[in-house]
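Structure assessment
Given next are the chains, with one letter for each unit.
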Protein chains: 2
Amino acid sequence: MDLTRTPAPPYYAVVFASRRSKGDDAAYQSTAARMVELARVQDGFLGVDSARDANGFGITVSYWSSLDAIAAWRRHPEHVAAQALGRERWYRAFSLRVSRVDAETHLDSGEDAPADDA
Amino acid sequence: MDLTRTPAPPYYAVVFASRRSKGDDAAYQSTAARMVELARVQDGFLGVDSARDANGFGITVSYWSSLDAIAAWRRHPEHVAAQALGRERWYRAFSLRVSRVDAETHLDSGEDAPADDA
């Protein structure tokens with residue numbers, strides 16, 4: 001996944017850090033992919049960056065144009081169902097932070113090698 | 001690494017998403033570890049969460065009590081030197097966002113299994 005390019009601040013970021021429970025990987029990954037697909041078509045969605053390491057620790061940051069957009073996404077019925085499964089089954093622990101982004105900087109060396117993205 | 005527990009909002013989060021260049025892993029990892037060690041003793045540091053996946057895409061979120069604390073850390077001489085190496089050598093691309101956290105929620109199932117943290 002490439003780095004998300006967002007519009008000029010201010011906008012909002014939801015920072016979700018989590019530690020996966022063991023197992024149920026296929027259902028988890030399928031639902032996680034579906035949630036990204038669904039988020040992309042919500043009003044106010046600006047992008048998402050996500051990384052999970054080999055120990056099951058992950059951080060997903062989604063970017064939104066407003067707090068209302070974040071609240072609406074949190075109430076989306078399919079997302080509500082996924083949140084319940086996350087709490088009950090997929091996450092041993094998580095933290096979720098809602099923040100307002102006021103400044104950002106980027107580096108892009110222009111040396112992207114497609115082979116790295118395999 | 002366990003999930004960072006932060007004090008009640010508001011506080012500040014620096015969201016650093018990056019794609020590593022290939023190679024120079026030992027120097028990168030040594031410097032990254034040193035930067036976490038050094039950040040921990042800075043005034044206003046509240047914690048850090050970090051994850052990097054197998055493709056070299058990573059997200060590090062550090063938490064701070066104030067914008068002044070973030071600015072001071074960015075000017076720390078050893079950190080300035082590491083930032084220069086990051087731009088020149090270690091990162092193909094990155095984004096860095098400064099945000100104010102206004103709300104947070106947590107889940108901790110209490111089912112932490114030390115064996116998972118190996």
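A brief structural summary. Numbers given for residues are sequential positions, taken from 1 along each chain in its written order. Chains and ligands are labelled by the order in which they are written, letters from A for the one and numbers from 1 for the other. Where local features are concerned, this predicted model is filtered to residues with pLDDT of at least 70; where side-chain atom pairs are given and counted, the filter is 80 or more; whole-chain, interface and lining totals use all residues. Note: side-chain values were computed over all heavy atoms of the structure, leaving out hydrogens and water.

With 49 residues of chain B in contact, the opposing surface of chain A contributes 49 residues. Throughout, buried area stands for the accessible area (probe radius 1.4 Å) lost by two parts on being put together, summed over both. Each partner contributes to the roughly 4,200 Å² buried at the junction of chain B and chain A, and carbon and sulfur atoms together form 49% of this total. Its largest share of buried area at the contact with chain A, chain B owes to Arg-92, Arg-97 and Leu-107 of chain B, together 20% of the area lost on that side. A carboxyl oxygen of Asp or Glu within 4 Å of a side-chain nitrogen of Lys or Arg is what we treat as a salt bridge. Linking chain B with chain A are 4 salt bridges, by the criterion used here. The residue Asp-49 of chain A makes a salt bridge to Arg-97 of chain B at a minimum N-O spacing of 3.9 Å. Any pair of N or O atoms that falls within 3.5 Å is considered a polar contact. Within protein, one atom must be able to donate a hydrogen and the other to accept it, and sequence-neighbouring residues count only if both atoms are side-chain atoms. Across the contact surface, chain B and chain A share 20 residue pairs in polar contact (both at pLDDT 80 or more). Secondary structure elements are defined from DSSP: runs of H or I of at least 4 residues count as helices, runs of E of at least 2 residues count as strands, and each element is numbered from the N terminus. Put simply, the parts of the chain that give the side of chain B that touches chain A at least two residues each are β1 (11-20), β2 (45-52), β3 (57-64) and β4 (91-108) of chain B. Its residues assigned to classes, the side of chain B that touches chain A comprises 20 nonpolar, 12 polar and 17 charged. Any two strands between which DSSP finds at least two bridges are classified as paired. For strand β4 (residues 91-108) of chain A and β4 of chain B, the ladder comprises 15 bridges, and the chain directions are antiparallel. Opposite Arg-97 of chain A, over in β4 of chain B, you have Glu-104 of chain B as the bridge partner. The contact rule is simple, with two residues in contact once any of their heavy atoms fall within 4.5 Å. Three categories are distinguished: nonpolar for Ala, Val, Leu, Ile, Met, Phe, Trp, Tyr, Cys and Pro, charged for Asp, Glu, Lys and Arg, and polar for the others, with Gly belonging to the last.

Val-15, Ile-59 and Val-61 of chain A together with Val-15, Ile-59 and Val-61 of chain B are the most contacted members of the largest nonpolar core, which has 24 residues in total. Among all residues touching Ile-59 of chain A, those that are not within four sequence positions of it are Val-15, Phe-16, Ala-17, Asp-49, Ser-50 and Ala-51 of chain A together with Asp-49, Ser-50, Ala-51, Ile-59 and Val-61 of chain B. Buried residues of nine kinds, namely Ala, Val, Leu, Ile, Met, Phe, Trp, Tyr and Cys, make up a nonpolar core once their side-chain atoms join them within 4.5 Å. Buried residues are those whose accessible area, probed at 1.4 Å on protein chains only, stays under 20% of the maximum for their type, while exposed residues exceed 50% and partly exposed ones sit between those limits.

Turning next to the packing of aromatic side chains. Aromatic rings from Phe, Tyr and Trp, with only the six-membered ring used for Trp, were paired whenever their centres fell within 6.5 Å, and each pair was classed as stacked if the ring planes differed by under 30 degrees, edge-to-face if by over 60, and tilted otherwise. Summed over all chains, the structure comprises 16 aromatic pairs over all chains. Ring centres of Tyr-28 of chain B and Tyr-91 of chain B lie 5.9 Å apart, and the angle between their planes is 85 degrees; on these two criteria the pair is classed as edge-to-face. Of the two residues, Tyr-28 of chain B is situated in helix α1 (residues 25-39) and Tyr-91 of chain B in strand β4; the sequence distance between them amounts to 63 residues. Both residues of the pair, Tyr-28 of chain B and Tyr-91 of chain B, belong to the buried class. Each member of the aromatic cluster is reached from another via a ring pair, and the members are Phe-16, Tyr-28, Trp-90, Tyr-91 and Phe-94 of chain A. Lysine and arginine charges are scored as sitting over a ring when NZ or CZ, respectively, is within 6 Å of the ring centre and within 35 degrees of the ring normal. Positioned above the aromatic ring of Tyr-28 of chain B, the side-chain terminus of Arg-20 of chain B is 4.0 Å from the ring centre.

Residue and element names in this part refer to chain B. Here an angle of 0 to 180 degrees is reported between the N-to-C directions of two axes, which are lines fitted to C-alpha atoms, with helices fitted over the stretch in contact. Interaxial distance between helix α2 (residues 67-75) and helix α3 (residues 77-90) falls to 5 Å at its minimum, and their mutual angle equals 70 degrees. The orientation of α2 relative to α3 falls into the category roughly perpendicular. Contacts from Trp-73, Arg-74 and Arg-75 of α2 reach α3 at Pro-77, His-79, Val-80 and Gln-83. Among the residues making up the contact of α2 with α3, the classes are represented as 3 nonpolar, 2 polar and 2 charged. Any angle that falls under 35 degrees is termed roughly parallel, while one over 145 is termed roughly antiparallel, one within 65 to 115 roughly perpendicular, and all others oblique.

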